[in-house]
Amino acid sequence: GGTPADEAVFSAIKAIKARGLKVVFYPFILMDLPEGNGKTDPYGGSEQAPHPWRGRVTVSPAPGLSGSPDGSAAADAAVSALVGTAAPGDYSGSEAVVTYTGPAEWTLRRMVLHYASLTAQAGGVDAFLVGSELRGLTTIRGASGFPFVDALSALVDDVRTIVGSGTKISYAADWSEYFGHQPAGGDVSFHLDPVWANPNVDFIAIDNYWPLSDWRDGSHADEALAEHVHDTQYLAGNVAGGEGYDWYYASDQDRVAQVRSPISDGAYGKDWVFRYKDLANWWNNLHYDRVAGVEVAQPTAWVPQSKPVWFTEVGCPAVDRGSNQPNVFYDPKSSESKLPYFSRGLRDDAIQRAYLEAMLGTFDPDLSSDIDAINPSSSVYGGRMVDHAMAHVWTWDARPWPAFPLRTDVWSDGANWERGHWLSGRMGGAPLGELIEALFDDWGLTRPEIVGLSTALDGFIVPSSNSLRQVLEPLLLATTTMGADTGTGIRFVSLDREKVGTFDADVLVETGDTAPITAETREEEASLPVEQRLRFYDSGRDYQTGAARFRPAEGTTRQIDEIAVSASLNNGLAAQLSQVALSAKWAGRTRLQFALPPSDLALLPGDIVGLTVDGREREAVIEEVEDLAHRAVSARTIDRAALVPTYVPGSGSPPVVTPVTGVPVAFGLNLPLVDETVSEHTPWIGIYANPWPGTMGVWRAATGGAFDLVRTVGLPTSMGQVVAPPAPGPTSRWDYGGRLDVRLYGREVRSRASIDVLGGKNAIAVEAANGGFEILQFQDAELVGEDTYRLSGLLRGQMGTEDAAASGILVGARLAILDGTLSTLQTPLSEVGLERTYRVGLLAEGIGGRSVTTFTFTPTGRGLVPYGPVHGAGRRQSNGAVVITFVRRTRIGGDPWPDSGDVPLGETAELYRLEILDQGAVVRSVEISAPTYTYSLANQTADFGAAQSTLSIRVAQLAPGFGTGVAYEVTFDVQQP
C-alpha cells in the first residue's frame, strides 16, 4: 500500500462518499517553524516568527522593504523554485499508492498533484482546492504581472487533467485577498482575476472572516446601534456595512480612538473597488486595473456573475467580542496568537453562535431580509451569488468530543479549544435565551422578551414536579439574569448591557416639598454574603455534581450564599458565574427610588439607566415602575466592572476510554519443533489486537459441530507482515545480499551480533508461498519507515524449513517473531491433518462477542516432520558400484554438540526413502535404514544403460507412523576409486 497518511486519506474519502456526503479536498500548508529557528525573517525580524500563518510566505526581503526582489525577475525565479515543475504525467498508481517519477523536488506542484492523483484513485471528490490563503505569494510582482497567480492558474489546468470534469476546482482566497491588491501609489490590481476567470475554475472560494462589530468597554460609536454585542440584527447589519464597507481605520491609533475614515473612490465613484465586504458589486461588475490611480482601457478577464461564491471557511472564535476580529485565534505557541480587538479574554460561546447566525442568515434566501441586494441571482447560471449550501463553518473537528480537548496527552492543542473557533462541543449546548423560550413553550405560555442574555449552558434538566417559577429562579440567580413584568409581558434581561439613557436633577421629578429627588436604602454589610457557592452538573467530569465557590473577603459561615442549578456547565464558567453573582449582590446593595416625567414611557423594568445627582454618577437597573402622575421608579445600583469576571479556563477529567478493539488478527502456524518442551505435533496460534482488550478466548469446532473453548491467551503475539520480500537466497549459510522489509505491529527489533544470532536470537516465522512457514533469522535491523524495518544478514530455511524457503515469500505475507509470544494450540494427535474452524475474540464477551475473527486451519504436525538430510555424495567401488552417502539431521536434541557418534534419533526407527532421478523423473526408489546405499553397476545399467559419472538423488527421512520428512535433492559427480 501507500504511506499511512495516504491510506488514511484514501479510506476517509471512500467512507464519506459511501454515506452520500460531499467531499471538498483542501490541501493545507502548515508552517511548522519553531521558536529559535534562526532562519532569516523576510519581514526584518531577528529570525522568522514561530508557527506563522501561511499567508506570510513571501520573497525575501518582503515587498516594501529595502532590497526586496518584488517587481523583478528575481521574484519570478523565487516563485518558480517554490512552485516546481512536477507534471501530471509524472504520476501513476492505483488504490492508495501514488507513484511519482518526476524531478526530485519537494514543491507546491508535487504536493498538489500528488493529492489530485490520490483523490482520483479514490473515486474522485466533489471539489478540490489547489491552495488557500497564500496572500503573501499571490501579491508578489515579477518582472511583469503576478507570477504566483499565473502558477496557480496553470496548476488548476493540470489538476483538471487528473481529476476530470466531475470535480469542481478553485483556490481558497483569504477574505482580505480575493477582491484585489492595492499597494501604495494608487495602483489597483484585480490580481486573482486570471484564476477566477480560468475556465477550469468552477467557483470563487473565499475563507471569510469579516469583522461584524466594533464593540468595546465604555462609551463607543456602536452603542447607538445595539444594547449588546450579541444582537444578531446588529451583527447582520454589518455584513454589508460597517468596517470594510462604509469605513476603515487608517491606523491602530485611529482604531483606539474610533476615528473612522470613509471608504470612497473619489476618482471613479467605484467605492466597491476598495470594499472587501461589497461582494455583490465586485461580482456584478467588470474589473479595471489602475496604474498610479488611472484605469487601464481594457477590463480583466473576469466575466460578471459568471461563477458562484463558496465560503470555504467562515467562523468566529468563542471568545469575548470575537466578532470584532474573527480571523484571529489564541495559541501561545504561534506568533499569530492574539485576542480580538478590545476583547476581555473571556470564553463566549454565544458570540460565536450569534456571528454565524448573522453571517449565514444574511446570505440565506429563507432568512435574509434583503436577499436580492445582499445575495443577487446570476443571469449566467441562474443561482444565487453565494451558494449558501456550500458554506463551510470553521471548524468542526473530526476528533471525538470530549476526548478532544480533554485528552491533552494525545492532542497538544486541547487547551486552545476553550476560546477557539471549534464548534464541536458547543453547538449542542443551550443558550440561556433559547432555553428560557423553550421553557415557556413547555408551559404553554407566550414567549417572553429576551434582551442580551449571552450565557450558554451545556445542558439543563427540568424537574417535572416543579412550577415554571421554581425552575426559573435558580437559573436566573446563577446567571445574574433579571426577570421583570412590564405590565404587558415578561422580559428577561442581562445586566451587562448598554444603558438606555442618563438622567440628571433637571429631568427627575420632585414628588413633594420634603421628599428628596432620589431616595436611597443601603443594606448592611453583615447581611450580605462573603462567599458565593454554585452547585451544578460538571460537563467536564462526566456530569457529576460539581461546586464552584468565590470568596474574596473574610466573613462568617453565616455569610455564605448557595445556588443549586439543574444545569450542566464547565467548571470554568461556573466559577465565573459565582464571581458575578456575588459581585452583583454587593454592587446592588443600594436601592434607589426616584421619579420621571410621564413622557419617559419607553423605560421598562430591566432597563439600565445612568443617574447624575449632586455630582455623583451611578448606573442602576430598573426593578419596578409605577405610573401615577409621574413614573415612580425603584432601581438597584450596578457596577459594570463587577459584571466582568476574571477569566477562569475550564478544565475536566479526560473521559474514561474503554478500549474499543476491532476484529483481532489471528492465524494458525504449523512450525517445526521451535520449543522442545511442547508436544511435537502441537501447532501454534498468533493473535494481535490494538489496543489489547484483555484475555482472548480461542474456540474450535469440527465442520458443522459446536464450538468448544480450547485455550485462553493473555498477551498479544509479536507479529507483522512482509512489505518487500527477499530474493531467493542460500540456506545453511549467511545470506549477506538478502533484504527483507517488514512492517511490525507495535513491536521493535534490533540488530544483534552474529554469535547471538547463531545462538537462536532474531528468529521469525514468515509465511511462505506454499502455505508453510519459513524460519528465518537476521543479524541487522534498520528502521526505514513508520514501524517498518529492513532486515539483512539473513539465515534462511532454518530448523528444516528449506522447503518453505524454496517456495518464496510474497508481499503481505504474515510473520511472527519467535520471542515467546506465540501460543500453543493444543491438538489431539488424532486430529492432525483434520481441518477445524477456529474463533478468536475477547473471552469476557464470549464466542458471540462484537469482535470475533473466524478462520479455518489444518494442523499438519510439522514438529514431527524429520529434517532433510544433507551432504549427499557418491564414490565408485572397484566393482563399478556407487556407494551413495548423506548425513542425517535431527529435530530433537541436536544443539548440544556430541562428543562422539551421531546426533540423537528423533524417530522410533531410522528409515529413509532414496530416489534416483533422471532429469527429474524417478527411475529407482528404495527404502533404507542407514544413511548409505550401494547403487550396483547392474542397477545403473538397468536404469541408465551404463555406469553414470554424475548422479541426481532425492532423499527424505521417514517418520514411522507419521510420514515422509523434508526431501533433500542434490546432483553430484561420482568420485572415482
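Keep in mind that this is a model prediction, so the values were computed, not measured.

K.L.:
Lay out the overall build of the protein chain in plain terms, naming residues and giving numbers.
P.N.:
The secondary structure content of the protein chain amounts to 18 helices and 47 strands. A compact globule built from 977 residues would reach a C-alpha radius of gyration of about 30 Å, whereas the protein chain, at 41 Å, exceeds it by more than 25%. For the C-alpha atoms alone, the extent of the protein chain along its principal axes is close to 155 × 80 × 50 Å. Put simply, the protein chain has 977 residues, and 49% of those count as buried. In the protein chain, 66% of the contacts between residues at least 6 apart in sequence involve partners at least 24 apart. Carbon and sulfur atoms make up 51% of the accessible area of the protein chain, which totals about 44,500 Å².

K.L.:
Residue-level account of the sheet that holds strand S22 (residues 560-569), with values.
P.N.:
Here we have four strands laid out as an open sheet, ordered S15-S22-S20-S21, and mixed in their pairing. For this open sheet the edge positions go to strand S15 (459-460) and strand S21 (544-550), each flanked by a neighbour on one side alone. Relative to S22, strand S20 (residues 531-538) runs parallel, the two sharing seven bridges. When the sheet's bridge partners are listed, Leu534 is paired in S22 with Ile563. Here helix H14 (residues 468-478) sits on the sheet and contacts S15, S20 and S22; the angle it forms with S22, its principal contact strand, is near 105°. Helix H15 (residues 571-587) contacts S20, S21 and S22 of the sheet and is inclined by roughly 150° relative to S20.

K.L.:
Describe the sheet that holds strand S35 (residues 788-798), naming the residues involved and giving the relevant values.
P.N.:
With antiparallel pairing, the six strands of this closed barrel are ordered in space as S31-S32-S35-S34-S33-S36. Each neighbouring strand pair of the sheet contributes to a mean axis angle of 45°, computed without reference to strand direction. Pairing analysis gives seven bridges linking strand S32 (residues 734-744) to S35, with the strands arranged antiparallel. If you follow Leu740 over to S35, its bridge partner there is Leu791.

K.L.:
Describe the layout of surface pockets, with residues and values.
P.N.:
Here the second largest pocket is characterised by a volume of approximately 1,500 Å³. Around the second largest pocket, the lining is made up of 44 residues, and of these Gln777, Gln798, Met799, Tyr867 and Asp895 lie nearest the centre. Broken down by secondary-structure element, the contributors of at least two residues to the lining of the second largest pocket are helix H16 (754-758), strand S34 (773-785) and S35.

K.L.:
I'd like a rundown of the nonpolar core, residues and numbers included.
P.N.:
When a protein is soluble and globular, its nonpolar side chains tend to lie buried together. Membership of the largest hydrophobic core comes to 81 residues, with the highest contact counts inside it found for Val130, Val159, Trp196, Trp210, Leu279 and Trp282. When residues in this core are grouped by element, the largest group, nine residues, is from helix H5 (residues 147-163). Contact partners of Leu279, with chain neighbours within four places excluded, come to Tyr178, Ile206, Trp210, Val309, Phe311, Met385 and Val386. Core analysis: the second largest hydrophobic core is formed by 25 residues, Leu472, Leu475, Phe492 and Ala574 among them.

K.L.:
How would you explain the packing of helix H2 (residues 73-83) against H5 if you had to name every residue and give the values?
P.N.:
For any two helices packed against each other, one specifies the crossing angle of their axes together with the interaxial distance. Running from N to C, H2 and H5 point in directions that differ by 30°, and their axes come no closer than 9 Å. By the angle between their directions, the pair H2 and H5 is classed as roughly parallel. Helix-helix and strand crossings are classified by hand; for H2 and H5 the assignment is right-handed. Judged by residue contacts, Asp76, Val79, Leu82 and Val83 of H2 engage Pro147, Phe148 and Ala151 from H5. When the residues that make up the contact of H2 with H5 are grouped by side-chain class, the tally is six nonpolar, no polar and one charged.

K.L.:
Could you give an account of H5, naming the residues involved and the relevant values?
P.N.:
Helix length check: H5, at 17 residues, gives a terminal C-alpha distance of 24 Å against a target of 24 Å (1.5 Å per residue), a fit within 8%. With 13 of 17 residues buried, H5 lies mostly within the body of the structure. Of the residues one or two after H5, Gly164 is the one with positive phi, at around 80°.

K.L.:
Which residues make up the side chain of Thr167, and what values go with them?
P.N.:
Take Thr167: it is sitting in the loop between H5 and strand S5 (168-174). Thr167 sits in the buried class, given a relative accessible area of 4%. At 2.8 Å, the side chain of Thr167 and the backbone oxygen of Val125 are in polar contact. The contacts of Thr167, once residues within four sequence positions are left out, are Val125, Asp126, Ala127, Phe128, Arg160 and Asp202.

K.L.:
Tell me what's going on with unusual backbone geometry, and back it up with residues and numbers.
P.N.:
Going from Trp394 to Thr395, the amide bond is cis rather than trans, its omega being 5°. Position of Thr395 among the secondary structure elements: in the loop between helix H11 (371-374) and helix H12 (403-406). The omega torsion across Trp401 and Pro402 is 10°, close enough to zero to call that bond cis. Positive phi, close to 55°, is recorded for Gln258, a residue that is not glycine. Using a relative accessible area of 17% as the deciding quantity, one classes Gln258 as buried.

K.L.:
Run through the pattern of salt bridges, naming residues and quoting values.
P.N.:
Counted according to the given criterion, the structure contains 64 salt bridges. Notably, a salt bridge pairs Glu531 with Arg549, separated by 2.9 Å at the nearest N-O pair. Here Arg549 lies in strand S21 and Glu531 lies in strand S20, a separation of 18 residues in the sequence. Exposure remark for Glu531: the relative accessible area of 1% places this residue in the buried category. The exposure class assigned to Arg549 is exposed, which follows from its relative accessible area of 53%. Three or more residues joined by partner-sharing salt bridges are found here, namely Asp217, Asp320, Arg321, Arg344 and Asp496.

K.L.:
Go over the packing of aromatic side chains with me, naming the residues and quoting the values.
P.N.:
What the rule picks out here adds up to 29 aromatic pairs. Centre to centre, the rings of Phe28 and Trp394 are 6.1 Å apart; their planes meet at 10°, and the pair counts as stacked. Here the residue Phe28 occupies a position in the loop between strand S1 (24-25) and H2, and Trp394 occupies one in the loop between H11 and H12, the gap between them amounting to 366 residues. A ring pair is formed by Trp734 and Tyr736, whose centres lie 5.9 Å apart and whose planes are at 25°; its orientation type is stacked. Judged by relative accessible area, which is 55%, Tyr736 ranks as exposed. Connected via pairs of aromatic rings, a cluster forms that spans Trp175, Tyr178, Phe179, Tyr276, Trp282 and Trp302. Over the face of the ring belonging to Trp106 we find Arg110, whose NZ or CZ atom lies 4.0 Å from the ring centre. For Arg419, the ring lying beneath its charged end belongs to Tyr330, and the centroid distance is 4.5 Å.

K.L.:
Give a detailed account of the pairing of strand S43 (residues 921-928), specifying residues and quantitative values.
P.N.:
Of the pairings in the sheet, the one linking strand S42 (residues 912-918) to S43 comprises seven bridges and is antiparallel in character. Bridged to Leu917 within S43 is Val922. The turn linking S42 back onto S43 is made up of two residues, and Gln919 within it adopts a positive phi angle of 55°.

K.L.:
Give a detailed account of the environment of Ser925, specifying residues and quantitative values.
P.N.:
For Ser925, the location among the structural elements is in strand S43. In the structure, Ser925 is positioned 685 residues away from Ala240 in sequence and 98 Å away in space, judged by C-alpha atoms. Residue contacts for Ser925: discarding those within four places in its chain leaves Arg913, Leu914 and Glu915.

K.L.:
I'd like a description of a nonpolar patch on the surface, backed by residues and values.
P.N.:
Where nonpolar side chains cluster on the molecular surface, the patch consists of Phe28, Leu30 and Trp394 and spans about 300 Å² of accessible area. Take Phe28: its relative accessible area is 31%, and that puts it in the partly exposed class.

K.L.:
Talk me through the pairing of S21; I want residue IDs and the actual numbers.
P.N.:
One ladder, built from seven bridges, connects S20 with S21; its direction is antiparallel. Its bridge partner lying in S21, Asp538 is registered against Gln544.

K.L.:
Got a sec to walk through the packing of helix H13 (residues 432-442) against H14? Specific residues and values, please.
P.N.:
Contact geometry of H13 with H14 gives a least axis separation of 11 Å together with a crossing angle of 170°. Taken together, the axes of H13 and H14 lie roughly antiparallel to each other. Across the interface between the two elements, Leu432, Leu435, Ile436, Leu439 and Phe440 of H13 pack against Leu468, Val471, Leu472, Leu475 and Leu476 of H14. Taken together, the residues of the contact of H13 with H14 break down into ten nonpolar, no polar and no charged.

K.L.:
So what about the environment of Phe962? Which residues, and what values?
P.N.:
As for its position among the elements, Phe962 is in the loop between strand S45 (950-959) and strand S46 (963-964). Among the residues examined, Phe962 registers a relative accessible area of 34% and is labelled partly exposed. Dropping the residues within four chain positions of it, Phe962 is found in contact with Val832, Thr860, Gly861, Leu864 and Val865.

Reading guide: rules and limits
Sequence positions are assigned chain by chain, starting from 1 and proceeding in written order. It should be noted that, the model being predicted, local features are given only for residues of pLDDT at least 70 and side-chain atom pairs only at 80 or more, the latter also being counted only at that level, while totals for whole chains, interfaces and linings use all residues. Where side-chain values are given, they derive from all heavy atoms of the structure, hydrogens and water being excluded. Per the convention used, a helix needs a DSSP run of H or I reaching at least four residues, while a strand needs a run of E reaching at least two, with both numbered from the N terminus. To get the radius of gyration, use the C-alpha atoms; to get the globule rule, take the number of residues to the power 0.38 and multiply by 2.2 Å. Type-normalised accessible area, obtained with a 1.4 Å probe on protein chains alone, sets the label of each residue: buried when under 20%, exposed when over 50%, and partly exposed for intermediate values. Note on contacts: a residue pair is in contact if any heavy atoms of the two residues lie within 4.5 Å. Surface accessibility follows the Shrake-Rupley procedure with a 1.4 Å probe radius. Residue values consider only the protein chains on display as shielding. Note on pairing: two strands pair once DSSP finds at least 2 bridges between them. With axes taken as lines fitted to C-alpha atoms, and helix axes fitted only over the stretch in contact, angles between N-to-C directions fall between 0 and 180 degrees. The way it works is a 1 Å grid over only the protein atoms, where trapped points that fit a 1.4 Å probe form a cavity and open points with protein on both sides within 12 Å along at least five of seven lines form a pocket, and then any residue with an atom within 4 Å of a point lines it. Grid points are joined across faces, edges and corners, and a volume is the space filled by probe spheres set on the points. Grouping buried Ala, Val, Leu, Ile, Met, Phe, Trp, Tyr and Cys residues that are joined through side-chain atoms within 4.5 Å yields what is termed a nonpolar core. The cut-offs work like this: below 35 degrees is roughly parallel, past 145 is roughly antiparallel, 65 to 115 is roughly perpendicular, and the gaps in between are oblique. Left-handed describes a crossing whose near helix is turned anticlockwise from the far helix by less than a right angle; the clockwise case is right-handed. Nonpolar residues are Ala, Val, Leu, Ile, Met, Phe, Trp, Tyr, Cys and Pro. Charged residues are Asp, Glu, Lys and Arg, and all others, Gly as well, are polar. To estimate the expected span of a helix, count its residues, drop one, and scale the result by 1.5 Å. As used in this structure description, the phrase polar contact means that two N or O atoms lie within 3.5 Å; if the pair is within protein, one of them must be able to donate a hydrogen and the other to accept it, and residues adjacent in sequence are counted only when both atoms belong to side chains. Any carboxyl oxygen of Asp or Glu that lies within 4 Å of a side-chain nitrogen of Lys or Arg is treated as forming a salt bridge with it. Pairing of aromatic rings covers Phe, Tyr and the six-membered ring of Trp, with a centre-to-centre limit of 6.5 Å; geometry is then stacked below 30 degrees between planes, edge-to-face above 60, and tilted otherwise. Should the NZ of a Lys or the CZ of an Arg lie within 6 Å of a ring centre and within 35 degrees of the ring normal, that charge is described as sitting over the ring. Nonpolar side chains (Val, Leu, Ile, Met, Phe, Trp, Tyr) within 5 Å and like charges within 9 Å form the patches, drawn only from residues with over 30% relative accessible area and no salt bridge.

In short, geometric facts, not functional conclusions.
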